[in-house]
Structure formats: structure tokens, C-alpha cells
Amino acid sequence: MKLLVTFSRKKMREPIIARVVKETGVLVCIDRAQIDSAAGEVLIDVPDKEATYISERMRAMGAQVRILENAIIRDENECVDCGACISICPREVFTFDEEWKLQVSEERCVLCRRCVLACPHHALSQQE
Ligand code: SF4
Ligand code: SF4
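Model, not experiment: these values are computed from the prediction.

Colleague: Which residues make up the overall build of the protein, and what are the values?
Modeller: In terms of helices and strands, the protein carries 4 helices and 8 strands. In sequence order, the protein lays out its α and β elements as β-α-β-β-α-β-β-α-β-β-α-β. Along the longest, intermediate and shortest principal axes, the C-alpha atoms of the protein span 50 × 30 × 20 Å. Out of the 128 residues belonging to the protein, those deemed buried represent 22%.

Structure (C-alpha cells):
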């Protein structure tokens, strides 16, 4: 499951990901990270059954954590299977099946939003 972790670097001087891995023993996959001198936003992937536990540990360290049940959401009523999202996605989240119907492997998504902006039918969105 994806967790979107944000934190202030002024308040938090410890390496939060390293610390939570060391303390919990849970392996964390970093999908995307944007960190500057003031703040950080990191998208991580953790085992589903550990998501609440990891979230609580990170919140206790001062981070804000959003659990993303669905990384990318497709409105099947709006999608026309045009395939525009296939070519723009850097993670190969979208494919066609044998009947040229769009398939979505959302566990691969890193929430870059390229597909949301590119879809001509506004069929894609992200969990708020
Ligand atoms: S770009 Fe939009 S309409 Fe086209 S296949 Fe992807 S989700 Fe469907
Ligand atoms: S948000 Fe980015 S990674 Fe996720 S499905 Fe869209 S283009 Fe692919």
C-alpha cells in the first residue's frame, strides 16, 4: 500500500525512513522522493498489513502520513480506451488486454500525475 509522507525538515532532523525501517524491521520501498532544505514529500510502498503500523510510527516522529487506498482512479464511464495514458506513464501502469480494453496495475503507480493531465476524457484522478 502507498503512503504519502510529508515532513518539515526544521522539525525533523532524523532520517525518518531509515529510522522506521530499523525500528520496525518492515522493508519500505521508496517510489518517489522530493526533499529540499525546508520540507520533504516521500511516496513509499509498504506491505498492506503493515500500513497502519508504519503510519502511526511516522506520525509519532512528527510526519504527516496519508494512506492511499487507491493510487490512481479510473472512471470507467468516462474512459474510451484511447491509450493516451499508456504512452505517457513512466511506470507502465496501463496496458491493453487482448480486446484492447485498458488494464490498470495501480500498484506500480508513483503518483506523478502525468496521466491525469494527459487523459483527454478526464477519466483519471488521484485519491484526495
Ligand atoms: S487516456 Fe483516459 S480515456 Fe484514454 S485510455 Fe487512458 S484513461 Fe481511458
Ligand atoms: S500518476 Fe504517473 S505513475 Fe501513476 S499511473 Fe499516472 S502516469 Fe503512471
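Colleague: Lay out the nonpolar core in plain terms, naming residues and giving numbers.
Modeller: Inside soluble globular proteins, nonpolar side chains tend to come together where they are buried. Counting residues in each nonpolar core, the largest one holds 14 residues, and the members touching the most others are Leu-3, Val-5, Ile-44, Val-46, Ile-54 and Met-58. Contributing elements (two or more residues each) for this core: strand 1 (2-8), strand 3 (39-45) and helix 2 (51-60). Here Ile-44 is in contact with Leu-3, Val-5, Val-28, Cys-29, Ile-30 and Asp-31, once residues within four sequence places are set aside. In terms of nonpolar packing, the next biggest core, distinct from the first, is built from 11 residues, Ile-72, Cys-89, Cys-109 and Cys-115 among them.

Colleague: I'd like a rundown of the environment of Leu-68, residues and numbers included.
Modeller: Residue position: Leu-68 is located in strand 4 (residues 64-68). The class of Leu-68 is partly exposed, set by 18 C-beta atoms lying within 10 Å. Each C-alpha atom, one on Leu-68 and one on Leu-3, is 5.8 Å from the other, the two residues being 65 residues apart in sequence. Residue contacts for Leu-68: discarding those within four places in its chain leaves Lys-2, Leu-3, Leu-4 and Gln-127.

Colleague: I'd like to hear about the sheet that holds strand 4, residue by residue, with values.
Modeller: If you walk across this open sheet you meet the 4 strands as 2-3-1-4, and the pairing is antiparallel. A strand with exactly one partner marks an edge of an open sheet, and here the two such strands are strand 2 (29-35) and strand 4. Across the sheet, the axes of successive neighbouring strands diverge by a mean angle of 15°, strand direction being ignored. In this structure, strand 1 lies alongside strand 4, joined through 5 bridges in antiparallel fashion. Its bridge partner being in strand 4, Thr-6 is matched across the sheet by Gln-64.

Colleague: Describe the domain arrangement of the protein, with residues and values.
Modeller: As far as domains go, the protein holds domain 1 (2-68) and domain 2 (72-126). Placing a centre on the C-alpha atoms of domain 1 and another on those of domain 2 gives a separation of 27 Å.

Colleague: Quick rundown of the pairing of strand 3? Include the residues and the values.
Modeller: The side chains of a regular strand alternate between both faces of the sheet. Where strand 1 lies against strand 3, 7 bridges are found, and the strand directions are antiparallel. Each residue of the ladder has a partner; that of Phe-7, found in strand 3, is Gly-40. Summarising the sheet, strand 2 and strand 3 pair through 6 bridges and their orientation is antiparallel. When the bridges of strand 3 are listed, Ile-35 appears paired with Gly-40.

Colleague: Summarise the environment of Gln-127; cite the residues concerned and give the values.
Modeller: On the secondary structure map, Gln-127 appears in the segment after strand 8 (124-126). On the basis of neighbour counts, which here come to 14 C-beta atoms within 10 Å, the residue Gln-127 falls in the partly exposed class. Once the C-alpha coordinates of Gln-127 and Leu-68 are considered, the two residues, 59 residues apart in sequence, prove to be 6.8 Å apart. Once residues within four sequence positions are removed from consideration, Gln-127 is found in contact with Leu-68, Glu-69, Asn-70 and Ile-73.

What counts and how
- Along each chain, residues carry numbers from 1 onward, in the same order as the chain's sequence is written.
- By the order in which they are written, chains take letters starting at A while ligands take numbers starting at 1.
- Only residues with pLDDT of 70 or above have their local features reported here, since the model is predicted, and side-chain atom pairs are shown and tallied only from 80 upward, although totals for entire chains, interfaces and linings are computed over all residues.
- Helix numbers and strand numbers start at the N terminus; a helix is a DSSP run of H or I with at least 4 residues, a strand a run of E with at least 2.
- Counting other C-beta atoms within 10 Å of a residue's own tells you its class, since 20 or more makes it buried, 12 or fewer makes it exposed, and anything in between is partly exposed; those C-beta atoms are placed from the backbone.
- Nonpolar cores are built from buried Ala, Val, Leu, Ile, Met, Phe, Trp, Tyr and Cys residues. These are joined into a set through C-beta atoms within 7 Å.
- Residue pairs are scored as contacts if the distance between their C-beta atoms, which are placed from the backbone, is within 7 Å.
- Pairing between strands requires that DSSP locate at least two bridges from one strand to the other.
- Angles here are taken between N-to-C directions and fall from 0 to 180 degrees, while the axes themselves are lines fitted to C-alpha atoms, restricted in helices to the stretch in contact.
- Domain borders in the structure are assigned automatically or taken from a domain database.

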